[in-house]
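# Architecture at a glance
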Amino acid sequence: NDAPVWLGVCDGGDALLVTRLGRWVRFPIGMLESSGGQAVALEQDDDIACCAVLPEGAAEQAVHFIGADGAQFAVAASGLSAHKKPGAKTQGLARNWVALACGVAGRNDAALMLGMNGDLIVSTLRSLPIAARPSEARPINVAGQRLVAAAFGTN
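So, here's what we can say about the structure. (Residues numbered from 1 in each chain as written. Predicted model: local features only at pLDDT ≥ 70, side-chain atom pairs only at ≥ 80, totals over all residues. Heavy atoms only, no water.)

The next point concerns the side chain of Gln 145. Topologically, Gln 145 is positioned in the loop between β13 (140-141) and β14 (147-154). Of note is the side chain of Gln 145, whose polar atom sits 3.5 Å from the side chain of Asn 117. What Gln 145 contacts, discounting residues up to four positions off in sequence, is Ala 68, Asp 69, Gly 70, Gly 115, Met 116, Asn 117, Asp 119 and Ile 121. (Helix = DSSP H or I, 4+ residues; strand = E, 2+ residues; numbered from the N terminus. Polar contact = N/O pair within 3.5 Å; in protein donor to acceptor, adjacent residues only side chain to side chain. Contact = heavy atoms within 4.5 Å.)

By the alternation rule, side chains of strand β11 (residues 120-124) split into Ile 121 and Ser 123, which are all buried, and Leu 120, Val 122 and Thr 124, of which none is buried. Where strand β10 (residues 109-115) and β11 come together, five bridges link them in antiparallel fashion. Paired with Leu 112 across the two strands is Val 122, which belongs to β11. The antiparallel pairing of β10 with β11 creates a hairpin that spans four residues between the two strands, and Gly 118 there sits at a positive phi of about 95°. (Buried < 20%, exposed > 50% of the residue type's maximum accessible area, 1.4 Å probe, protein only. Pairing = 2+ DSSP bridges.)

The next subject is the sheet that holds β10. Spatially, the three strands line up as an open sheet ordered β11-β10-β14, and their pairing is antiparallel. Sheet topology places β11 and β14 at the edges, where each strand pairs with a single neighbour. Within this sheet the neighbouring strands show an average axis-to-axis angle of 20°, counted without direction. (Axes fitted to C-alpha atoms, helices over the stretch in contact; angles between N-to-C directions.)

Spatially, four strands are ordered β4-β1-β2-β8 in an open sheet, and the strand pairing comes out antiparallel. At either margin of the open sheet sits one strand with a lone partner, and together these are β4 (48-54) and β8 (91-92). When strand β1 (residues 14-19) meets strand β2 (residues 23-28), the two strands line up antiparallel, connected through five bridges. Bridge assignment links Val 18 to a residue of β2, and that residue is Trp 24.

So, in structure tokens, the structure goes:
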């Protein structure tokens, strides 16, 4: 009953997987077997919600997260330390937060969010604080409604 949650081009770097219940794991993509394999050890009743590729040298960049309720926050990529290989246990990201989307984005980029009622919300990332570690992140509800999809783009 698996369904893909992310498809994209990947040319090395690290995979950052985020679970629906707000947990995360990061590991080098090159450590995956070409035939696939167990990428993460999930908690009971949890599943993968989204994925982002952090390119090599992404330590100076920020990873942005959007929740299903429209809450948004950012964490420095350097604060999301990588495991040496896939299959590791997840770590907590934010309390009482249900994940929808994540991605590496710059200060001049924007988050595009589609609400369940058909509203398209564009949120610039310029003023969003970037936490050094996940424990310091405080989600800010910028959409004010349940979302069905979200993505990041150049503003």
